[in-house]
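So you can see what is in the structure, the chains are spelled out below.
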Amino acid sequence: MGYKETTEQLTSYRRQIAELREQMRQTQAAVEPEEVADYDFTTTQGTVPLSSLFGGKTDLIVIHNMGASCVYCTLWADGFNGVYPHLANRAGFVVSSPDRPDMQKKFAEGRGWRFPMVSHANTSFAADMGYRSPSGGWMPGVTAFRMDGNRIVRVSDTPLGPGDDFCSVWHIFDLLPDGSAGWAPRYSYP
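No experiment lies behind these values; they were computed from the predicted model shown.

*Asks:* Hey, could you go over the layout of surface pockets for me, with residue numbers and the actual values?
*Replies:* In this structure, the largest pocket encloses a volume near 1,000 Å³. Sorting the residues of the lining of the largest pocket by element identifies helix 1 (3-29), strand 4 (59-64), helix 2 (71-90), strand 7 (141-148) and strand 8 (151-159) as the ones contributing at least two each. Considered class by class, the residues forming the lining of the largest pocket number 17 nonpolar, 5 polar and 8 charged. By volume, the second largest pocket is sized at about 240 Å³. Lining the second largest pocket are 15 residues, and of these Thr-44, Gln-45, Phe-115, Pro-116 and Met-117 lie nearest its centre.

Below, the structure is given as structure tokens:
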């Protein structure tokens, strides 16, 4: 297929994806929220409840990050760092991991991350949200919450992984003939 025909076909697929995304937004808007506990997390400043992470906003986005030991989670967090001011203007935003707060702080400073972080270590938060594997390992994802009066409700969540909607690197690689060609992220590149 020629370049022009291929481009037209890809444009058609992108329109279909946009239509599906609109259907997903409509479905999401109709969800029956699920009440959750006001979990306590640890930070370098001490213990903070989930309710305080909203930052005065109605909505909260929590990224479930596997911690400094996961280069993939680091790639996603690097991307969130770039859009953090935009996300935080619309909703509360925080990255949660099992790492101790002092480890989080050191790692975040080394990466230049600007977003707040909390540790869910010694809590059931990640497991209750569905981001703990049956073998006990952590899993990456994102969960959206809303304040409903005095209640905190979960309104959506989705796992994170290569090819998802939340890391542009994979979609940019899709423009190349061989896609990612087996590429994997690193903490730094020569």
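*Asks:* Can you lay out the pairing of strand 7 for me, pointing to particular residues and giving the numbers?
*Replies:* Relative to strand 7, strand 4 is paired through 6 bridges, and the arrangement is antiparallel. By the bridge assignment, His-64 is partnered in strand 7 with Gly-141. Where strand 7 meets strand 8, 8 bridges bridge the pair, whose relative direction is antiparallel. Each bridged residue has a counterpart across the sheet, and for Met-147 the counterpart in strand 8 is Ile-152. Turn length for the strand 7-strand 8 hairpin, with the two strands adjacent in sequence and antiparallel, is 2 residues, and the turn residue Gly-149 shows positive phi of about 70 degrees.

*Asks:* So what's going on with the packing of aromatic side chains? Which residues, and what values?
*Replies:* Applying the stated criterion across every chain yields a total of 16 aromatic pairs. Both rings, one in Tyr-39 and one in Phe-125, keep their centres 5.1 Å apart while their planes meet at 75 degrees; by these two values the pair is edge-to-face. One end of the pair, Tyr-39, is in the loop between strand 1 (34-36) and strand 2 (40-43); the other, Phe-125, is in helix 4 (residues 125-128), with 86 residues separating them in the sequence. Note on accessibility: Tyr-39 and Phe-125 belong to one class, buried. Taking 6.4 Å as the distance between ring centres and 85 degrees as the angle between the ring planes, the aromatic pair formed by Trp-170 and Phe-173 counts as edge-to-face. Placement of both Trp-170 and Phe-173 in helix 5 (residues 168-173) is noted, with a separation of 3 residues, approximately one turn of the helix. These aromatic residues form a ring-pair network of at least three members: Phe-80, Tyr-84, Phe-93, Phe-107, Trp-113, Phe-115 and Tyr-187. When the ring centre of Trp-138 is taken as reference, the NZ or CZ atom of Arg-132 above it lies at 3.6 Å.

*Asks:* Tell me about the nonpolar core, residues and numbers included.
*Replies:* Of all hydrophobic cores here, the largest spans 17 residues; its most connected members are Ile-63, Trp-76, Phe-80, Phe-93 and Phe-115. Element by element, the count of residues in this core is highest for helix 2, at 5 residues. For Phe-115, the contacting residues outside a window of four places in its chain are Ala-77, Phe-80, Asn-81, Tyr-84, Phe-93 and Val-95. Membership of the second largest hydrophobic core comes to 16 residues, among which are Val-48, Phe-54, Leu-60 and Val-118.

Conventions we followed
Residues numbered from 1 in each chain as written. Predicted model: local features only at pLDDT ≥ 70, side-chain atom pairs only at ≥ 80, totals over all residues. Heavy atoms only, no water. 1 Å grid on protein atoms, 1.4 Å probe; cavity = no way out; pocket = protein on both sides within 12 Å on 5 of 7 lines; lining within 4 Å. Points joined across faces, edges and corners; volume = space filled by probe spheres on them. Helix = DSSP H or I, 4+ residues; strand = E, 2+ residues; numbered from the N terminus. Nonpolar A, V, L, I, M, F, W, Y, C, P; charged D, E, K, R; others polar. Pairing = 2+ DSSP bridges. Phe/Tyr/Trp six-rings, centres within 6.5 Å; stacked < 30°, edge-to-face > 60°. Buried < 20%, exposed > 50% of the residue type's maximum accessible area, 1.4 Å probe, protein only. Lys NZ or Arg CZ within 6 Å of the ring centre and 35° of its normal. Core = buried A, V, L, I, M, F, W, Y, C linked by side-chain atoms within 4.5 Å. Contact = heavy atoms within 4.5 Å.

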